[in-house]
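Geometric and topological summary
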Amino acid sequence: VVTRQLLDPAYGMFRVDEDTRQLYFNPHTFELGLEFELIGTLVGVAIYNSIILDIPFPMVVYKRLKGMRPTLEDLIEAQPTLGRSLKTMLDFDGDIEATFSQVFQVSYEVWGGIQMYDLKPNGGDIPVTRDNVQEYVDLYVDWALSTSVEKQYSAFEKGFLRVCGGEALNIFQPEELELLVCGNPVLDFEALERVTQYDDGFTAESATITRFWSVVHRLDEEEKRLLLKFATGSDRAPINGLASLTFVISKNGPDSDRLPTSHTCFNHLLLPDYSTEEKLEDKLKCAIRQAEGFGLR
């Protein structure tokens, strides 16, 4: 919950790309480095404790943690509109200077005002041409993903490496780091059914359990993710899939009109002994759809 609040774009520490809905460091935040260091530490602690977080970072964040320099491809993924514009300029066969009229300078908005940044000394007086367009693109990418957010990223990295630094980090590729943080997006509920444990009177052969899995396997992809988040706190599987998840379903009393509940810290679903499959489906869907905000929209 703390991590989600700190990552909320409304808090100002991160900004969300409108195309990808991914988060990246806000270069104009008023927050101090300590807050970014805290987020880095929380991400590291989550990895250490095998806790999956809903953090939509672009891959470039994990690449930077591995010491890799951002590329144009990283910018296209993180900020597609800007990245594709730069690639269009780079691939252009005509007169770049006359067509694009760009100089080695970046203009950007800060709290309603326009600021300028020279990509190289006296950049405002240096036109972008066929001969120097590659240098312009490289400097722009470095500014957008590194220089402009160096203070914020450095604090984040410091917190992360405090927990996950050392030789162990070297064995992972950036894609594997993302899986450790965010989990596996592939959900195999049949595998989850095979490893689920039962308690407080339920067994794999109980009528309510048979009905439960019948309902679950009919859910669409979004509903399955809602169910997983309701029961475990995350809508993604562990890195090795749902077959590696310790999941428990307990009987929570006899048939009643109560909704299912859960202990997300323990991946523990509490299910009343509903009398019919229709009732179970209705109560389960109501619970997973209204799990936050008291059902208010």
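Residues numbered from 1 in each chain as written. Predicted model: local features only at pLDDT ≥ 70, side-chain atom pairs only at ≥ 80, totals over all residues. Heavy atoms only, no water.

Let us look at the layout of surface pockets. Considered as a void within the structure, the second largest pocket measures approximately 620 Å³ in volume. If you trace the second largest pocket, you find 25 residues lining it, with Arg-15, Asp-17, Gln-79, Leu-82 and Trp-143 closest to the centre. Contributions of two or more residues to the lining of the second largest pocket are made by strand 1 (14–16), strand 2 (23–25), helix 5 (80–91), strand 3 (105–110) and helix 7 (133–145). Here the lining of the second largest pocket is composed, by residue class, of 14 nonpolar, 7 polar and 4 charged. (1 Å grid on protein atoms, 1.4 Å probe; cavity = no way out; pocket = protein on both sides within 12 Å on 5 of 7 lines; lining within 4 Å. Points joined across faces, edges and corners; volume = space filled by probe spheres on them. Helix = DSSP H or I, 4+ residues; strand = E, 2+ residues; numbered from the N terminus. Nonpolar A, V, L, I, M, F, W, Y, C, P; charged D, E, K, R; others polar.)

Quick look at the packing of helix 11 (residues 207–218) against helix 13 (residues 277–289) now. The N-to-C vectors of helix 11 and helix 13 enclose an angle of 55°; their axes lie 9 Å apart at closest approach. Relative to helix 13, helix 11 is oriented oblique. When the axes of helix 11 and helix 13 are compared, the crossing they make is right-handed. In contact with Thr-208, Arg-211, Phe-212, Ser-214, Val-215, Val-216 and Arg-218 of helix 11, helix 13 contributes Glu-277, Leu-280, Glu-281 and Leu-284. Grouping the amino acids of the contact of helix 11 with helix 13 by side-chain chemistry returns 5 nonpolar, 2 polar and 4 charged. (Axes fitted to C-alpha atoms, helices over the stretch in contact; angles between N-to-C directions. Parallel < 35°, antiparallel > 145°, perpendicular 65-115°, else oblique. Left-handed = near helix turned anticlockwise from the far one by under 90°. Contact = heavy atoms within 4.5 Å.)

In any sheet, the strands associate via hydrogen bonds between backbone groups, in a parallel or an antiparallel arrangement. The 4 strands are arranged 5-6-8-7 in an open sheet whose pairing can be described as mixed. The strands lining the two open edges of the sheet, one partner per strand, are strand 5 (197–199) and strand 7 (261–263). Neighbour to neighbour, the strand axes of the sheet diverge by 25° on average, direction disregarded. Across 3 bridges, strand 5 lies against strand 6 (residues 248–251) in parallel orientation. Among the inter-strand pairings, Gln-197 is bridged to a residue of strand 6, identified as Val-248. Across the sheet, helix 12 (residues 221–232) touches strand 7 and strand 8 (268–271), and the angle it forms with strand 7 is around 55°. (Pairing = 2+ DSSP bridges.)

On to the nonpolar core. Phe-14, Phe-25, Phe-57, Tyr-136 and Phe-156 are the most contacted members of the largest nonpolar core, which totals 48 residues. Setting aside chain neighbours within four positions, we find Phe-25 in contact with Met-13, Phe-14, Arg-15, Phe-36, Val-61, Val-149, Gln-152, Tyr-153 and Phe-156. Listed in part, the 27 residues of the second largest apolar core include Leu-187, Leu-227, Leu-242 and Leu-245. (Core = buried A, V, L, I, M, F, W, Y, C linked by side-chain atoms within 4.5 Å. Buried < 20%, exposed > 50% of the residue type's maximum accessible area, 1.4 Å probe, protein only.)

Once that is clear, we can look at the state of the cysteines. Applying the stated criterion to the full structure yields 0 disulfides. Note on Cys-182: no disulfide assigned, nearest cysteine sulfur contributed by Cys-164 at a separation of 13 Å. According to the relative accessible area criterion, Cys-182 is buried, its value standing at 7%. (Disulfide = S-S within 2.5 Å.)

With that settled, consider empty space enclosed by the protein. Applying the stated criterion across every chain yields a total of 1 cavity of 30 Å³ or more. When its volume is computed, the largest cavity comes out at roughly 30 Å³. Surrounding the largest cavity, Phe-189, Leu-192, Phe-212, Trp-213, Leu-227, Leu-228, Ala-231, Thr-232 and Phe-247 form its lining. The set of elements that each furnish at least two residues to the lining of the largest cavity consists of helix 10 (189–195), helix 11 and helix 12. For the lining of the largest cavity, the leading source of residues is helix 12, giving 4 residues. Taken together, the residues of the lining of the largest cavity sort by class into 8 nonpolar, 1 polar and no charged.

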